[in-house]
Amino acid sequence: MLHDMRLDARIGCPACEQDAFARNAWFDGKIVTASDLVTEQDYLLTKHRRHARLLHGWGVVCGLRVREHPNPDCRKQWVVVEPGSALDCCGHEVRVDQPTLFDFRAAFLATWQAAHGKAAAPDAGTHRVEIALRYAECPAEPVPVLFEGCAPGGEACLPSRVVEGFELALLLDRPPPDPPHAGARLAWQSTIGAQGAVRVRLHEPSGRAFILAADPAATLLVADLATGAILAATADAGFTPLDLAVSTDGLHVFLTLAPNGGGDPEVRVLEAGNPAAAALHTLAVGGGAGQTVRLLALPDGRLAAAVTAADEVRIWASDITGAAAPAAPATLAVANAPGPLALPVPATHLYAAATGAAEIAAIRLSDLAVVTLPVGAGGPERPVALAAARRGGRDLLAVADGAAEAVLLIEASPDAALPADQAKALGTPLTGLGGAPVDVALSPEGQWLAVLLRAADGTGAARAASVARIADTAPDAVGPALPVGAEPRALVAQSDGARLLVAYAGETPATGGVAVLEATEDDCRAHLRAPAICPSCGAGDELVLATIADYRWEDAVGTARLDHGPRRRELASTAALQEALLCVMDHAVGGVPGKDGPPGPPGAPGQPGAPGQPGTPGEPGAPGQPGAPGQPGAPGQPGAPGDPGSWPKLDLPHIVAVNWPHAEQLKLSDPRAQRMMRDGLLVAFAKDHAVLAQTFAADTVSQHVVQVTFGRAQVGDQLPFTQTCFCQVDGLVAGLMLEAECGSVPEMRDDRMQDEGPVTGLRFLPVFRRGRETVPARAPWPAGVYRVVIEGNFILGEREIEVPDPLDPAKRIKVHPALDAEHFAPGLSRDTGDPPPPLLRRRCPTGDGLEGGRFVSWFELV
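What counts, and at which threshold
- Every residue gets a number counted from 1 within its own chain, in the order that chain's sequence is written.
- Note on the predicted model: pLDDT of at least 70 is required for a residue's local features to be given, and 80 or more for side-chain atom pairs to be given and counted; whole-chain, interface and lining totals, by contrast, use all residues.
- Hydrogen atoms and water are omitted, and side-chain values are computed over all heavy atoms in the structure.
- A run of DSSP states H or I qualifies as a helix once it reaches four residues; a run of E qualifies as a strand once it reaches two. Both are numbered from the N-terminal end.
- Radius of gyration: C-alpha atoms only; globule rule: 2.2 Å multiplied by the number of residues to the exponent 0.38.
- It only takes one pair of heavy atoms within 4.5 Å for two residues to be counted as in contact.
- To measure how exposed things are, a 1.4 Å probe is used in the Shrake-Rupley method; for residues, cover is taken only from the protein chains shown.
- Only four residue types enter the tally: Lys and Arg on the positive side, Asp and Glu on the negative side, with His and both chain ends excluded.
- For this purpose, a charge sits on NZ of Lys, CZ of Arg, CG of Asp or CD of Glu.
- Only when DSSP finds a minimum of two bridges between them are two strands counted as paired.
- Per-residue confidence from the predictor is given as pLDDT, running between 0 and 100.
- For each residue, the accessible area found with a 1.4 Å probe, counting protein chains only, is set against the maximum for its type, and the residue is called buried under 20%, exposed over 50%, and partly exposed in between.
- Between N or O atoms, a polar contact is any pair within 3.5 Å; within protein, one atom must be a potential hydrogen donor and the other a potential acceptor, and residues adjacent in sequence are included only when both atoms are from side chains.
- By convention in this document, the label disulfide applies to cysteine sulfur atom pairs within 2.5 Å.
- All axes here are fitted lines through C-alpha atoms, helices being fitted over the stretch that makes contact, and every angle between N-to-C directions spans 0 to 180 degrees.
- Just to be clear on terms, a salt bridge is a Lys or Arg side-chain nitrogen sitting within 4 Å of an Asp or Glu carboxyl oxygen.

What follows covers the overall build of the protein chain. Looking only at helices and strands, the protein chain has 8 helices and 51 strands in total. Its C-alpha radius of gyration of 37 Å places the protein chain more than 25% over the 29 Å reference for a compact globule of 862 residues. By its C-alpha atoms, the protein chain is 140 × 90 × 65 Å across when sized along the principal axes. Contacts spanning at least 24 positions in sequence make up 58% of the contacts within the protein chain whose residues lie at least 6 apart. Summed over all atoms, the accessible surface of the protein chain reaches about 46300 Å², with 55% contributed by carbon and sulfur. Computed over 70 positive and 100 negative side-chain charges, the inter-centroid distance for the protein chain is 4 Å.

With that settled, the discussion passes to the sheet that holds strand β39 (residues 665-666). Spatially, β39-β51-β48-β42-β43 is the arrangement adopted by the 5 strands of the open sheet, whose pairing is mixed. The sheet terminates laterally at β39 and β43 (722-728), the two strands that pair on one side only.

Time to look at the confidence of the model for the protein chain. Mean pLDDT for the protein chain: 87, with 91% of residues reaching 70 or above. Mean pLDDT in the protein chain bottoms out at helix α5 (residues 574-586), which sits at 80, and peaks at strand β3 (residues 78-81), which reaches 97. Segment residues 1-13: pLDDT under 50, and 33 contacts once partners within four positions in sequence are set aside and those in other chains are kept. Below pLDDT 50 for its whole length, residues 588-593 participates in 5 contacts with residues either more than four positions away or in separate chains.

Time to look at helix α6 (residues 671-679). Inspection of α6 places A673, M676, M677 and D679 among the buried residues, and these make up the whole buried set. Looking at the buried residues of α6, the elements they touch are β39, β40 (681-685), β46 (761-770) and β51 (854-861). At the N-terminal boundary of α6, the capping side chain belongs to D670, with an oxygen 2.8 Å from the backbone nitrogen of R672. G680 occupies a position one or two residues after α6 and carries a positive phi of about 85°.

Within the structure shown, the criterion is met by 3 disulfides. Unpaired in terms of disulfides, C534 finds its nearest cysteine sulfur in C16, a separation of 13 Å. Classification of C534 by relative accessible area gives exposed; the value is 57%.

To continue, consider the sheet that holds strand β25 (residues 370-374). Read from one edge to the other, the open sheet built from 4 strands follows the order β22-β23-β24-β25, with strand pairing classed as antiparallel. Both outer strands of the open sheet, β22 (338-342) and β25, are each paired with one neighbouring strand and no more. Geometrically, the sheet is characterised by an average inter-axis angle of 30° between neighbouring strands, direction not taken into account.

Glancing now at the side chain of R268. Considering the arrangement of structural elements, one finds R268 in strand β16 (residues 266-271). Of the residues examined, R268 reaches a relative accessible area of 16% and is grouped as buried. Here the side chain of R268 touches E266 through a polar contact of 2.7 Å, side chain to side chain. Once residues within four sequence positions are removed from consideration, R268 is found in contact with D236, F239, V253, F254, L255, L257, A279, H281 and T282.

Counted under the stated rule, the structure contains 38 salt bridges. The salt bridge involving E164 is made with R49; its shortest N-O contact spans 3.4 Å. Pair noted here: E164 is in strand β8 (residues 156-172) and R49 is in helix α1 (residues 34-55), with a separation of 115 residues, a long-range link. For D679, the salt bridge goes to R678, with nearest N and O atoms at 2.8 Å.

Structure (structure tokens):
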């Protein structure tokens, strides 16, 4: 192939030809000139290139690898570009049909002198060098022309062919590309004030965050996750906080505290609902003085503690939260200063990181047997943080290595027969993260990990990384850093992976807190949607084949110096995409298990182990079979009548009216429909039983508590019947003051909408969303069926009532009652003028005397 290798060839990014949209109209007798033929070529060429650019993209399609010159003496001047094909950003096809030499030394000198002067010699510094491929057109086969300027006829020549070729260029010191999106985006959503925060734990069913801080006393804060408000707190000035855990049921909090005057730490068991009350138990941690004690609550009610100074993991039974003093814990010997604990979900093993060696202890939860797993090469690595998840049927561990300031991924199978199969590295360690790792977290199914970093100046940052890209050793596995405050201490992930909480102590205690980060995974469907703007060539859109990151003038360039990423952009063909999709469909996450290999030779008998600690008493056995019936005894005297007992009649809020006709049709021209579309959907509660607007009006709950769906009939391509599909209507929900009698039509006399406080009604206004902006929906609403669902379980009354304590029926507790929303047909229907049949009399207000329930109604606009 012809190609331009001149050093004085154009070096700017090629400008794309302007698209031609006019083609020739042909007819008999038309006079055809060169202009007509050029027009025809331009139309076809630009159409082809536009098709390639918009429907296929651009990049290297195949080949075009850059390799060292086979002669070592030539490696200071030449590299070899292998044959291949590419599409540039303008849609040009660029082909290299045979191995081509590129004189990068001459190109570097020419580029340097173009920037610094014709006589300038390159300096001794390192430079970022990129080898780029560009489309070029070469004129060929000159022929005489009759008319060409002022030359006599027959003496002028012009090329009669244009041969598509290429040229190679050298790009000098362009900035490295930004790291691409790596599986999850992090954004700072809000902050919970907590001076000197050092630990944070979540109890998601109750929506609470538990924060351990030093302010300067050891302080426990209980915060509302939805609002960030502090619900409860307790402090002890005589102790330093160490760690924190929360029971699975959310009823108890466990703290480890170290006395300021020295001595053994202690574990305190507190009531989560009233942490300021006296501790349920205070347990001394013997042998733990001088170092931390890490905690983890197990799903079955047990509590695990890693006692670093004693080289032990201690596990208390579930009686640690009972009223009586708990039994002594089971004590497991775990060498090399056990520290952070982690537990995947679901779990068969508890993992403890050995902070003094390159090891992790795997503790089987069923019998507390311990297996030691290596970290990395089992050498200088030192775990400082640990996280666990389940991925592809195996335990996935993320380990922060404090010695190398790296993060490692390990697939753990502690019950495997061979030690080599018990722990396998996944990908290569993540290094160069921009700080020392402080803590790590994994999303529930192990798709991505997050790492909390501390820079040398004390500032903190969080980064997310794709586990799949780490496993593939992709260079772009880690996303950009998000600053999260000074002196970061701990990181925890929500169970759905949507939120991260970061505890940071701050430069001074007054500046600490808990950063609430939103973790948004890649929306894969969005990649299939048409982009808002058609792609075109931008600044720097070069076909880079390889990069030499630290080139010095006169350096020899071997294959090891040639980096084919990250600037190199590759474009998969349709055949490659087909093979990739078939591979994904054929293989589950983690690959398909291979066949069992032949058994290995038996190993030498091991040394007898030390006698284990006595196990905890087992649960009582099942009752035995009943014995044979005895002889009937004589009838006893009748006993005195027992107390009939009583159950308090609950004083609950109810729904008394709505502004639409339940289960009826309403014409769009009807004044009632016009008023409903103007006011929105109104629901009135009993005026003497106000409800709390914040329980249904918050953005995070309104779409689940008050749902309005719209249905239309559709015809399925393969179905013999139509189907009505209901979709949720976006809307704003707020409270307001309504007055309505049972079954009447509520009217708005005050349209001020409230997001909190006592209200006697709610209002649903349909909206049109543009990103974060909402615009009220236009009238008229479309004809069709509208369904309204209100979940009474989540709407609470203002006035507290007394109910039996579910944990102790002999006691009473005060609560805000849930809306009694059960809706019995025909419920709140309006009168039609005729007396309804006896079986269809209205039942108003809603309710069956029990808290909660679901209100369901519908109407049709025609």
